[in-house]
Amino acid sequence: MRTRVLGASIAVVLALSACGGNLDDDKTATGSSFPERAVSLLVGQDAGGSTDLIARALADPASADLKQSITVLNKPGANGAVAAKELAGAKNDGYTLMVFNGSLAYITPLAVSKDQAVDINNYEVVTGTSQDDYVLVASPKTGFKTVQDIIAAKRPIKYASTGVGTGSQLSQELLFAQAGVRATAVPFNGGQPALTAVLGGQVDVASVQLGEAKAQIEAKKVTPVVTFASKRPTYMPDTPTATEAGYDALVQQSRAIVAPKGTPPDVIDRLRTAFQKSFTDQKYKDFNTQRMLTPNEVDGATLLKQWNDSLTTYQGLVDKYKIDLTGKS
């Protein structure tokens, strides 16, 4: 009898070993128990900016689906590169994510050395989220209402950007290079300080995201000159796109939820399911409408193709118009 019991015990141990040591470990390894604790969502920009607000709008519905909190952590610096570096070094278990700005993947590499550039292909993309367009706004004191007004001023222009290697910088560099306007960049860390610089007269113009500029445009505190969108925004039907004005300057911001490389596929799938709940949440949909955001809720493979194609396109434009985005010229 004792021999039979001992034999059965050994069989159980061997069976558990074949399953990875114990049943709980196997459950964790396959991600079926994920998540068992709070998830951190890194944001590479300051609190109160577009990316931060998007992160917080996404977090609540997704956390409800995961039945665990999602904590937004602001790690500003270098157009998001500081947060991206932290993400790259995080454990690839799904508990650390980032709202990744597309410009960091397809514009910043054109402004920094190769060893400083962030490669989106070195991360796992959970899902795309939304796209945002830029608008060039001017202080009413300048009298600028069109690009031709800026050209006719026949003087150097000071423009605010949201940082080196951003869509804000690239859109203005493309426009001014093609228009033959001498322009000096004044970089800020985000759209709100750039917009404040226009309002305060520190600069003549700035390219900021539509959602950031909307209130000031409607209050007539800044003048919209041209958008860098593919079509005219509904609330600015009289403001032409750069393409309509005759300039090759279509520049767009895009965002995605990203995880460290090697995060298990089933964990990525679970996270994507949770964020899809955010996409269908009415409060989140209303947020997108109010902020002039276009949904881009694509899967990881599609998002990677979009961003890699954008990098190729913008590299071609920078080379064609001999633009230096380093901020050193």
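Residues numbered from 1 in each chain as written. Predicted model: local features only at pLDDT ≥ 70, side-chain atom pairs only at ≥ 80, totals over all residues. Heavy atoms only, no water.

### As for the packing of helix α8 (residues 191-199) against helix α9 (residues 210-218)
- Look at α8 against α9: their axes get within 10 Å of each other, and the N-to-C directions meet at 30°. Comparing the axis directions of α8 and α9 gives the class roughly parallel. Remark: the crossing between α8 and α9 carries right-handed chirality. For the pair α8 and α9, contact is made by Gly-191, Gln-192, Leu-195 and Leu-199 and by Glu-212, Ala-213 and Gln-216, respectively.
- Split by residue class, the contact of α8 with α9 holds three nonpolar, three polar and one charged. (Axes fitted to C-alpha atoms, helices over the stretch in contact; angles between N-to-C directions. Helix = DSSP H or I, 4+ residues; strand = E, 2+ residues; numbered from the N terminus. Parallel < 35°, antiparallel > 145°, perpendicular 65-115°, else oblique. Left-handed = near helix turned anticlockwise from the far one by under 90°. Contact = heavy atoms within 4.5 Å. Nonpolar A, V, L, I, M, F, W, Y, C, P; charged D, E, K, R; others polar.)

### A word on the pattern of salt bridges
- On inspection of all chains with the given rule, the structure shows seven salt bridges.
- A salt bridge links Arg-37 to Asp-93; the nearest nitrogen and oxygen atoms lie 3.4 Å apart. Residue Arg-37 is located in the loop between α2 (23-29) and β1 (39-43), and its partner Asp-93 is located in the loop between α4 (81-89) and β3 (96-101); the two are separated by 56 residues in the primary sequence.
- Since its relative accessible area comes to 44%, Arg-37 is described here as partly exposed.
- A salt bridge links Asp-204 to Arg-155, with the nearest nitrogen and oxygen atoms 3.1 Å apart. (Salt bridge = Lys/Arg side-chain N within 4 Å of Asp/Glu carboxyl O. Buried < 20%, exposed > 50% of the residue type's maximum accessible area, 1.4 Å probe, protein only.)

### Re the environment of Ala-57
- Along the chain, the position of Ala-57 falls in helix α3 (residues 50-66).
- Classification of Ala-57 by relative accessible area gives buried; the value is 18%.
- For Ala-57 and Lys-283, which are 226 residues apart along the polypeptide, the C-alpha to C-alpha distance reads 8.2 Å.
- Beyond its immediate chain neighbours, meaning those up to four positions away, Ala-57 contacts Tyr-284 and Phe-287.

### Things to note about the side chain of Gln-131
- By the element assignment, Gln-131 lies in strand β4 (residues 123-138).
- Residues within four places of Gln-131 in sequence aside, it is in contact with Gln-252, Gln-253, Ser-254, Met-292, Leu-293, Thr-294, Asn-296 and Gln-306.

### Concerning the pairing of strand β5 (residues 157-161)
- For β5, the buried fraction is high: four of the five residues fall into the buried class.
- Relative to strand β6 (residues 183-187), β5 runs parallel, the two being bridged by five bridges. Bridge pairing links Tyr-159 to Ala-185 in β6.
- In this region the chain leaves β5, passes through helix α7 (residues 167-179) and returns to the parallel neighbour β6; the handedness of that crossover is right-handed. (Pairing = 2+ DSSP bridges. Right-handed = clockwise from strand over helix to strand, strands pointing away.)

### Focus on the packing of helix α10 (residues 265-280) against helix α11 (residues 282-290)
- Between α10 and α11, whose axes approach to 5 Å, the crossing angle comes to 65°. As summarised for this structure, α10 and α11 are arranged roughly perpendicular, according to the angle between their axes. Residues Ser-278, Phe-279 and Thr-280 of α10 touch α11, and the partners they reach there are Gln-282, Tyr-284 and Lys-285.
- Of the residues in the contact of α10 with α11, the class split is two nonpolar, three polar and one charged.

### Focus: helix α12 (residues 300-320)
- Between its terminal C-alpha atoms α12 stretches 30 Å, which fits the 30 Å expected from 21 residues at 1.5 Å a residue.
- Buried residues of α12: Gly-300, Leu-303, Trp-307, Tyr-314, Leu-317 and Val-318, and no others. For α12, the arc enclosing every buried residue in end-on projection is 115°, short of the 170-degree limit, so these residues lie on one face. Residues of α12 that are exposed and point over 90 degrees away from its buried face: Ala-301, Lys-305, Thr-312 and Lys-320.
- Lining the buried residues of α12 we find β3, α5 (102-106), β4, α7 and β9 (252-260). (Expected span 1.5 Å × (residues − 1). Arc of directions from axis to C-beta.)

### Quick notes on the packing of aromatic side chains
- Going through the model one piece at a time under the given rule, you end up with eight aromatic pairs.
- Ring centres 6.1 Å apart and planes at 40° place the aromatic pair Phe-279 and Tyr-284 in the tilted group. Taken individually, Phe-279 and Tyr-284 each receive the classification buried, so the pair is uniform in this respect.
- By the ring-pair criterion, three or more aromatic residues cluster together here, those being Phe-100, Tyr-106, Tyr-123, Trp-307 and Tyr-314.
- Between the NZ or CZ atom of Arg-37 and the centre of the ring of Tyr-95, over which it lies, the distance is 3.8 Å. (Phe/Tyr/Trp six-rings, centres within 6.5 Å; stacked < 30°, edge-to-face > 60°. Lys NZ or Arg CZ within 6 Å of the ring centre and 35° of its normal.)

### With respect to α8
- Along α8, the residues classified as buried are Gly-191, Ala-194, Leu-195, Ala-197 and Val-198. One side of α8 carries all its buried residues, which in axial view fall inside an arc of 150°.
- Where α8 is buried, its residues contact β4, β5, β7 (205-209) and α9.
- Where α8 ends, the next residue or the one after it, Gly-201, has phi of about 80°, a positive value.

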